[in-house]
Amino acid sequence: CAVVGNSMNMFDSENGAAIDAHEAVFRFNREDRRMCHVMNLTLNDLARYTGRKTTVRFVNRKYTDSMVNGDAAFADYQDNDMILFWNLFTAPYLSHLQGKYKNLRMHLISSDLVNWQMEGFSQLRKDLYRLGMKQFECYRFMSSGVHGLLLAMLKCESIDVFGFSVSMENFSKSFNHGRPSESHSWDFETVLMRLLYFSGVINVCNA
């Protein structure tokens, strides 16, 4: 599987063909237009760097709102795309969205699975703190990227990661717009990426 984030480090090299060669490609939210604006590229140009293939796309609460409101970015979805919502805020809107976007396959991730992910995420934070690491930033949610990565670990024999950050210095240089969400613990998530890499769980293809 290829797990493709939205970091601006995606533009350090043209990995589009390599990403599309994977059996399954996981993506997150819908940052295409924002990234094109920052880089002054067309959507077709973007594919050289990020690829075109999408097996499943994980969508957060913010982008659920965009779908409900019919924002322009969702015109970019392709017929039969699979959308997975991980935030239970989506539940009251799911049938409406399924009716509005009949060409897309939409599903809400099981709350049991999301709770399992959150429990593991929280426990690892506590374990690292007990081992002497500094206290991490507080968080309300895991990022869509971590939700997708943890699901890929359950489903994929091998995982190649593109467009994620592995340090806060890297994160600050590569964030694709304005101010990062304060709902996530970005400092811990970059540490998590390094731990998964050094343990052999993922292969970091660019960072």
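Each remark here, short or long, concerns the structure printed above.
Residues numbered from 1 in each chain as written. Predicted model: local features only at pLDDT ≥ 70, side-chain atom pairs only at ≥ 80, totals over all residues. Heavy atoms only, no water.

Engineer: An account of the state of the cysteines is requested, with residue identities and associated values reported.
Structural biologist: Overall, the coordinates contain one disulfide when judged by the stated rule. Here Cys1 connects covalently by a disulfide to Cys156, the sulfurs 1.9 Å from one another. Between Cys1 and Cys156, the S-S dihedral sits near -85 degrees, and the bridge is therefore left-handed. Of this pair, Cys1 sits in the segment before strand E1 (2-4) while Cys156 sits in the loop between helix H7 (144-155) and strand E6 (160-162), and the two are 155 residues apart along the sequence. (Disulfide = S-S within 2.5 Å. Helix = DSSP H or I, 4+ residues; strand = E, 2+ residues; numbered from the N terminus.)

Engineer: Quick rundown of the pattern of salt bridges? Include the residues and the values.
Structural biologist: Under the counting rule described, the total for this entry stands at five salt bridges. With a closest N to O distance of 2.7 Å, Glu31 and Arg34 form a salt bridge. On the basis of relative accessible area, Glu31 is assigned to the buried category, the value being 6%. A relative accessible area of 28% places Arg34 in the partly exposed class. Here the residues in one salt-bridge network are Glu14, Asp45 and Arg48, joined through shared partners. (Salt bridge = Lys/Arg side-chain N within 4 Å of Asp/Glu carboxyl O. Buried < 20%, exposed > 50% of the residue type's maximum accessible area, 1.4 Å probe, protein only.)

Engineer: Could you give an account of the nonpolar core, with specific residues and numbers?
Structural biologist: Counting residues in hydrophobic clusters, the biggest one holds 30 residues, and the most contacted among them are Val3, Phe26, Phe58, Leu149, Ile159, Val161 and Ile202. Elements that contribute at least two residues to this core include exactly strand E2 (25-28), strand E3 (56-59), helix H6 (111-130), H7 and helix H9 (186-198). Beyond its immediate sequence surroundings of up to four residues, Phe58 is in contact with Phe26, Arg27, Phe28, Asn29, Leu84, Ile109, Ser144, Gly148 and Leu151. One finds Tyr63, Ile83, Leu94 and Met106 within the second-largest nonpolar core, a separate group that totals 11 residues. (Core = buried A, V, L, I, M, F, W, Y, C linked by side-chain atoms within 4.5 Å. Contact = heavy atoms within 4.5 Å.)

Engineer: Could you give an account of helix H4 (residues 61-69), with specific residues and numbers?
Structural biologist: Every α-helix winds through 3.6 residues per turn, so residues three or four apart in the chain are directed the same way. Turning to H4, its buried residues are Tyr63, Thr64, Ser66 and Met67. Looking straight down H4, one finds its buried side chains confined to an arc of 155 degrees; they lie on one side. Taken together, the buried residues of H4 touch helix H2 (32-39), E3, strand E4 (82-85), helix H5 (94-100) and strand E5 (105-108). Sitting at the head of H4, Asn60 places a side-chain oxygen 3.2 Å from the backbone nitrogen of Lys62. Phi turns positive, to about 70 degrees, at Gly70, one or two residues after H4. (Arc of directions from axis to C-beta. Polar contact = N/O pair within 3.5 Å; in protein donor to acceptor, adjacent residues only side chain to side chain.)

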